[in-house]
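A closer look at the structure
Below, each chain spelled out in residue letters.
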Amino acid sequence: MLGLRKKYEICNNNNNYIWISIILILVLLLQMQNKVLILDFGSQFTQLIARRVRELNIYCEIHPYNSEKFDIDNYSAVILSGSPYSVRSDQVPHPDLSKIKGKKPLLGICYGAQYLVHFFGGNVGSSNSREYGRANLSFVDNTNELFHHIENNSQVWMSHSDTIIEMPDNYKVIASTDDVKNAAYKIIDEETYAIQFHPEVYHTKDGKQLLENFLVHIAKVKQDWTPDSFVESTVKAIREKVGNDKVVLGLSGGVDSTVAAVLLDKAIGKNLYCIFVNNGLLRKNEYENVLDQYEHMGLNVKGVNASDRFLEKLKGLSDPEKKRKAIGNTFIEVFDDEAHLIEDVKWLAQGTIYPDVIESVSVTGGPSATIKSHHNVGGLPDYMKLKIVEPLRMIFKDEVRRVGKSMGIDPELLGRHPYPGPGLGIRILGDITAEKVRILQEVDFIFIEGLKKWNLYNDVWQAGAMLLPVNSVGVMGDERTYEKVVALRAVESTDGMTADWVDLPYKFLQETSNKIINGVKGVNRVVYDISSKPPATIEWE
């Protein structure tokens, strides 16, 4: 009898282990699937879709519609982006939706909505007038989950020249505007929804609510994407990837590389070697100040002053892309020299963030245009023989700051304005000389310190000065001058994808202009840039 009881207990325990294993596997599968896939058809708004999803504390990834780098089984829901193409075009982006439509919760936006009509039995044609700009919903089916808490007259943003003329039989209209009858629809017996407007842009007032309705209430995606969870998972991933190997990281003094350094320090400690290179194009006193900050943070940092080497490589170059490449190549040379002084280093860490990655990937060679080259995307020369680790590769700039805050990084450092990798090299228009660098450093210092003194610094996303390749006539005392012109630039933005110029007080601009002209030898005129992005970019080069 005792033997039978023992056998039963062993069987029972084995069953318990099996059930526990099954439960753990299911939990892991759910964690793997608790993310959203955004298929990109080249829309200028695709990044905004991802940002709005992340604001809901939901992790998402953007992949080109024809990419083979993702496994659909790992995603809980799918969003189809807009596109500059027409579904009626010969070059129409044509994804394979056989594993998605009817099998995963699916939301088509603009082009995505028209695609789901045009290729599934409906009719899309050219609109009588381009449907672009603000519109208001004149009909909303509030009984449909996609439009819970969204009322008639809610403002939306349209951006398309085609329109849905005829719907397939099993498609039901759930929203309209005065000009667009088929503004939103649901496919009957599928968790497939589509809208002809853009919920991701600021002008669609209930856009965030609509995305929450789709992702949280329809797709049942958990809102567990937080800075703390990112730190925990990233530190674990770094340890698993790097092991006991040594890692070298180039610090810039900016938010991205600093947060990357602290993450890596948490993961591998003394095996992280940081190098801060002075390329001679930093802001005034920045080299000394940043080194001091890093040492107080307990990071293992070595400073390398290579100013003369960079200026020599830049001599005579005026083309912006040539200057960027010269700065990038020289940095790699200097960095490689320093990395060789560290025995057995196997990894290079970079502060690459998600917008860098997305802007450097073109859909089908594009609808998406590459605006400018990114110095930290695209790998290394073969001779460096280092593997790459990029802990911030999948997050946006504002998320980087939130991650830094969760790790206790100094708010003043996290609040620093973004600064271009090539530094003053792309803020000095035309060729670069030591004297021009001196002039712009002094001008920039007066401008930035003035913003801080007037409590304007935190109201500005990015600010800086440009040294223009022109001279202007002026008068100082009784003497005629013929000296440089500088342009001041201050913008407000959330991610740098779009930006508006900041309406700085006239008194501040007047005071700043006077200080620059009176205090910086070689400048006799100051102008203020009031261009927004688009059509302008934030930097002039």
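Note that the structure is predicted; figures quoted are calculated from it, not measured.

Regarding its fold elements, the protein chain presents 14 helices and 18 strands. The buried share of the protein chain, reckoned over its 541 residues, is 53%. Long-range pairs, those at least 24 residues apart, make up 74% of the contacts in the protein chain with a sequence separation of at least 6. Carbon and sulfur atoms form 50% of the exposed surface of the protein chain, whose accessible area is close to 26,300 Å².

Residues V248, V443, F447, L451, L504 and I516 are the most contacted members of the largest nonpolar core, which totals 46 residues. Once residues lying within four places of it in the same chain are set aside, the contact partners of F447 are A463, G464, L488, R489, A490, L504, F508 and T512.

Right, let's get into the packing of helix 5 (residues 227–242) against helix 11 (residues 397–406). For the pair helix 5 and helix 11, interaxial distance at closest approach is 9 Å and the crossing angle is 80°. Relative to helix 11, helix 5 is oriented roughly perpendicular. Together, P227, D228, F230 and V231 of helix 5 and R402, V403 and S406 of helix 11 make up the contact between the two elements. Of the residues belonging to the contact of helix 5 with helix 11, the class tally is four nonpolar, one polar and two charged.

A separate point is the environment of G519. As for its placement among the helices and strands, G519 is situated in helix 14 (residues 506–519). Residue G519 is classed as exposed on the basis of its relative accessible area, which comes to 55%.

To continue, consider the pattern of salt bridges. When the charged atoms of two side chains lie near each other, side chains of opposite charge can form a pair. According to the stated counting rule, one finds 30 salt bridges in the structure shown. The closest approach of N and O atoms between K101 and E190, which form a salt bridge, is 3.1 Å. A residue pair is termed long-range when its members are at least 10 positions apart, and K101 in the loop between strand 3 (77–80) and strand 4 (106–109) and E190 in the loop between strand 8 (184–187) and strand 9 (192–195) qualify at 89 residues. Judged by its relative accessible area of 17%, E190 falls in the buried class. A salt bridge links E449 to K452; the nearest nitrogen and oxygen atoms lie 3.8 Å apart. In this pair, E449 and K452 both sit in helix 13 (residues 434–453), three residues apart, roughly one turn of the helix. In the salt-bridge network here, residues are joined through shared partners; they are R51, R52, E55, D398 and R402.

A separate point is the confidence of the model for the protein chain. On average, residues of the protein chain score 88 in pLDDT, and 88% of them are at 70 or above. Within the model, the stretch residues 24–31 combines pLDDT values under 50 with zero contacts to residues more than four positions away or in other chains. Low pLDDT (under 50) marks residues 364–379, which in the prediction has 32 contacts with non-local residues, meaning those over four places away or in another chain.

Of all the five residues making up strand 2 (residues 60–64), five are buried; the element is thus mostly covered by neighbouring parts of the structure. Burial along strand 2 is two-sided: C60, I62 and P64 facing one way and E61 and H63 facing the other are all buried. The sheet contact formed by strand 1 (residues 36–40) and strand 2 spans five bridges and is parallel. Residue L39 lies in a different strand from strand 2, and its bridge partner there is H63. In this fold, strand 1 hands off to helix 2 (residues 46–55), which returns the chain to strand 2; that crossover is right-handed.

Within a sheet, each strand pairs with its neighbour through backbone hydrogen bonds, oriented either parallel or antiparallel. Spatial strand order, 12-11-10-13-14: five strands in an open sheet with parallel pairing. Edge positions in the sheet fall to strand 12 (301–305) and strand 14 (387–389), since each has one partner strand and no second. Ignoring strand direction, the axes of neighbouring strands in this sheet form an average angle of 30°. Pairing of strand 10 (residues 246–251) with strand 13 (residues 345–349), which is carried by four bridges, proceeds in the parallel orientation.

Okay, the side chain of Q114 next. Mapped onto the secondary structure, Q114 falls in helix 3 (residues 111–118). Among the polar contacts made by the side chain of Q114, one reaches the main-chain carbonyl oxygen of D162 at a distance of 3.1 Å.

Glancing now at the packing of aromatic side chains. With the rule as written, the count across this model stands at 16 aromatic pairs. Between F70 and Y75, the ring centres sit 6.3 Å apart and the planes meet at 85°, which makes this aromatic pair edge-to-face. Looking at Y75, the relative accessible area reads 3%, which means it is buried. Judged by centre distance (6.4 Å) and plane angle (85°), the ring pair of F276 and Y294 falls under edge-to-face.

Our focus in this paragraph is the pairing of strand 11 (residues 272–278). A large share of strand 11 lies buried, amounting to six of its seven residues. Taken together, the five bridges between strand 10 and strand 11 define a ladder with parallel strand orientation. Looking at strand 11, one finds that V247 is bridged to L272. For the handedness criterion, the β-α-β arrangement of strand 10, helix 6 (residues 255–268) and strand 11 is classed as right-handed.

The next subject is helix 9 (residues 320–339). The end-to-end C-alpha separation of helix 9 is 28 Å, in line with the 28 Å expected for 20 residues at 1.5 Å each. Listed as buried for helix 9 are K323, R324, A326, I327, T330, I332, V334, F335, D336, E338 and A339. Buried residues belonging to helix 9 abut strand 10, strand 11, strand 12, helix 8 (307–314) and strand 13. Near the N-terminus of helix 9, the side chain that reaches the backbone nitrogen of E321, with its oxygen 3.1 Å away, is that of D319.

Conventions and cut-offs
Residues numbered from 1 in each chain as written. Predicted model: local features only at pLDDT ≥ 70, side-chain atom pairs only at ≥ 80, totals over all residues. Heavy atoms only, no water. Helix = DSSP H or I, 4+ residues; strand = E, 2+ residues; numbered from the N terminus. Buried < 20%, exposed > 50% of the residue type's maximum accessible area, 1.4 Å probe, protein only. Contact = heavy atoms within 4.5 Å. Areas by Shrake-Rupley, 256 points an atom, 1.4 Å probe, with all protein chains shown as cover. Core = buried A, V, L, I, M, F, W, Y, C linked by side-chain atoms within 4.5 Å. Axes fitted to C-alpha atoms, helices over the stretch in contact; angles between N-to-C directions. Parallel < 35°, antiparallel > 145°, perpendicular 65-115°, else oblique. Nonpolar A, V, L, I, M, F, W, Y, C, P; charged D, E, K, R; others polar. Salt bridge = Lys/Arg side-chain N within 4 Å of Asp/Glu carboxyl O. pLDDT = per-residue confidence, 0-100. Pairing = 2+ DSSP bridges. Right-handed = clockwise from strand over helix to strand, strands pointing away. Polar contact = N/O pair within 3.5 Å; in protein donor to acceptor, adjacent residues only side chain to side chain. Phe/Tyr/Trp six-rings, centres within 6.5 Å; stacked < 30°, edge-to-face > 60°. Expected span 1.5 Å × (residues − 1).

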